[in-house]
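# Commentary on secondary and tertiary structure
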Amino acid sequence: MFSRQHIVAAARGDERMDTVIRGVNLVNVFTAETYPADIGIKKDRFSAIARYENNKPTFYMEGDNEVDAQGKYAIPGFIDCHVHIESTMVTPDMFARAVLRHGTTVAVIDPHEIGNVMGAEGVSYMINASKGLPVRILTTIPSCVPAVPGVETAGAEFGPEDIAALLDNPDVVGIAELMDYVGVIKQNPRMAGIVQKGLDFGVRNEGHLPRVTGRDLHAYLAAGVNSDHESRTVEEIVEKLRAGMLIYIRESSVSQFADIAAKAWEILPHASNIAMCTDDVEPNDMLKNGQMNRVVRRCIEEGIPAPLAIRYASLNGAMRYGLHDRGAIASGYVADFSLVDSLETMQINDVYVQGEQMVKDGRIITDITTRTPPLRKNTVRLPELNEKDFIIHSPVENGTITLNTMEMTPIGTTKIGSLEIQVTDGEIRHLPEEYVFATVTGRHGQNRKPFVGVLKNSGIRSGAYATTVAHDSHNLVVAGKNARDMLMAAKQLQKSGGGLCLVEDGNVMAQVDLPIAGLMAAEPIEELSPKVEKFNEVAQSMGVKVGRRSPSMALSSLTLTVIPEIRISDLGLVDVNTQQLIPLFREE
């Protein structure tokens, strides 16, 4: 049985501390203030904190190990409230190794990427591979496998009972983002049943509610879902905060919302229902710009006071998930913390987990590996393909026809458009300069030919771009200007087991192999990052540009059938608001 006898004895002064951090500037997330203090650690806990008065501690603590931290700041370990490990493109142990360097000590993961590819087998792999790591990884069970049944095909399908069976796993704390918000609001049987399972098990129902306000917002809350990381305007955040929804400020490789969150904070500076998450961060972005420390830094840059931003990134996340002894530097709490030189730069120097130093001068000083071997089966199962599968076959033999198209907006969302195009011999092989063919091929054994649509404003000037990282069903997406290069890119990823590929004039220009479910590689982020960086550089030279997204994630959300307005799946074009398929060819 765990006993605090020695921790309490050290607090009384009857025993020596194991470690004393001397003269540090402590960030108190309870009071949102910073002051000099000595921090005493016994075993895995903070035992006592001695604040300085008149340049000396209010009481003196002796320690077996003493760290001179004058000039540094001590901050609690960060808690990432919502993250997809698969988006970092590495396995859980490599993820832990990477995020620990940036001060994250708890991560709440949503393995719905691999769940959509491999079902319960994939989710169980992520749970098992996350055990025993220095970063405590908590799991939320995917709610949207697939995101919207009937308009897309995933590698599995989870109903309420499938999710209930996974909720019994250790360190499962909730049901992951309920992206089918239309289904929740309208109380369709599948989504209402899934939400009810979360309520029955007493776990968190995590939200995903972009651009939803008014009565629909309150219907979503009334259903039993009360968090969101998809708010995109100041007005939306303010309305949701006032309604009692917990808002996660997000800075990812796909979307950056610290600026609008800070403006909302100016309107509601006393709001307590704010935490933070990263959601999707690609490997080279993390290596260069950080992880949760990046979210904190950006919020501070936008005007949120540093102690308050750190509270959002630590204590508030701990409270969300019932981690009553984490998220703060205080007596009795688990001794997860970091030392930094500056709160403004938020560059992490040293990281301690349960009182043990894991990062020194920005470098990992302990071995971090999982006992669970990576999954090795090739999940890219495609039908026989040829060049004609990547052009549009028209119901009109010759003449003109009008197509429904997808148009990327400057912020990376989509809207429906139209294009009048010439048809020759029943085929459309060429598109105007700003348009590309966009195709989705089921890779889960559907044995169905690609659906071919048209995309505007992807930036692609030539060649083809292929990816199996295509939220959330993760079918094969290929976009390009010509069928030859598109076919070659598809075949490259079929052979490698998935990943990212760029082809131009019949030559492979860049490729990132992700053989684990077509989403991840079992290698350190430092080794994978240069490959992704090269891919991004080549993609940029080919013109790829979608909003503020990095090129490697430029098309990853094109198939995300829960983000308005129009998306594409292996079954066709999808009207997100009505959750209905819409025709490629417009009726005159």
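Residues numbered from 1 in each chain as written. Predicted model: local features only at pLDDT ≥ 70, side-chain atom pairs only at ≥ 80, totals over all residues. Heavy atoms only, no water.

Under an unreviewed UniProt entry, the name given to the protein is Adenine deaminase, and the organism recorded is Virgibacillus massiliensis.

## A look at the sheet that holds strand β30 (residues 573-575)
Each strand in a sheet pairs with another by means of backbone hydrogen bonds, the pair being arranged parallel or else antiparallel. Within the open sheet, the 3 strands sit side by side as β29-β30-β31. Their pairing is antiparallel. The strands lining the two open edges of the sheet, one partner per strand, are β29 (566-568) and β31 (580-582). Across the sheet, the mean angle separating the axes of adjacent strands is 40 degrees when strand polarity is ignored. Looking at chain direction, β30 and β31 are connected through 3 bridges and run antiparallel. Residue V574 lies in a different strand from β31, and its bridge partner there is L581. (Pairing = 2+ DSSP bridges. Helix = DSSP H or I, 4+ residues; strand = E, 2+ residues; numbered from the N terminus. Axes fitted to C-alpha atoms, helices over the stretch in contact; angles between N-to-C directions.)

## A few points about helix α4 (residues 160-167)
Along α4, the residues that are buried comprise P160, I163, A164, L166 and L167. All buried residues of α4 lie within an arc of 165 degrees about the axis, which places them on one face of the element. Along α4, exposed side chains directed more than 90 degrees from the buried face belong to E161 and A165. Those residues of α4 that are buried lie in contact with α3 (112-129), β9 (136-141), β10 (172-178) and α6 (189-201). (Buried < 20%, exposed > 50% of the residue type's maximum accessible area, 1.4 Å probe, protein only. Arc of directions from axis to C-beta. Contact = heavy atoms within 4.5 Å.)

## Some words on the domain arrangement of the protein
Domain assignment breaks the protein into domain 1 (4-71), domain 2 (76-324) and domain 3 (387-582). Centre-to-centre separation of domain 1 and domain 2, based on C-alpha positions: 33 Å. Taken together, the contacts link 7 residues of domain 1 with 7 residues of domain 2. The three residues of domain 1 that bury the most area against domain 2 are V27, V29 and A32, which together make up 79% of that side's buried surface. Where domain 1 touches domain 2, the interface holds 0 salt bridges. Here domain 1 is connected to domain 2 by 2 residue pairs in polar contact (both at pLDDT 80 or more). Here the side of domain 1 that touches domain 2 is composed, by residue class, of 4 nonpolar, 2 polar and 1 charged. (Domains from an automatic or database assignment. Buried area = accessible area lost by both parts, 1.4 Å probe. Salt bridge = Lys/Arg side-chain N within 4 Å of Asp/Glu carboxyl O. Polar contact = N/O pair within 3.5 Å; in protein donor to acceptor, adjacent residues only side chain to side chain. Nonpolar A, V, L, I, M, F, W, Y, C, P; charged D, E, K, R; others polar.)

## Quick look at the side chain of R443
Positionally, R443 belongs in the loop between β23 (435-441) and β24 (451-456). Although R443 is buried, it makes no salt bridge; E113 carries the closest opposite charge, 8.8 Å away. Within the structure, R443 has its side chain in polar contact with the backbone oxygen of A517 (distance 2.8 Å). Contacts of R443, omitting those with residues within four sequence positions, involve V117, T379, V380, R381, L382, T468, H474, N475, L476, A517, G518 and L519. (Lys, Arg positive; Asp, Glu negative; His and termini not counted.)

## Concerning the UniProt feature "domain: Amidohydrolase-related" (unreviewed entry) in the protein
In this numbering, the UniProt entry assigns the feature "domain: Amidohydrolase-related" (unreviewed entry) to residues 74-357. Split by type, residues 74-357 is 40% helix and 19% strand. Its first and last C-alpha atoms lie 13 Å apart. (UniProt positions renumbered as here; feature names shortened; annotations may be inferred.)

## As for the packing of aromatic side chains
Taken as a whole, this structure holds 4 aromatic pairs when the rule is applied. Aromatic pair F30 and Y333: ring centres 6.0 Å apart, planes at 80 degrees, arrangement edge-to-face. Placement of the pair is F30 in the loop between β1 (17-28) and β2 (33-42) and Y333 in the loop between α13 (315-320) and β15 (337-340), with a sequence separation of 303 residues. In this structure F30 comes out as partly exposed when scored by relative accessible area, which is 41%. Measuring from ring centre to ring centre gives 5.5 Å for Y465 and F535, while their planes differ by 85 degrees; the resulting arrangement is edge-to-face. (Phe/Tyr/Trp six-rings, centres within 6.5 Å; stacked < 30°, edge-to-face > 60°.)

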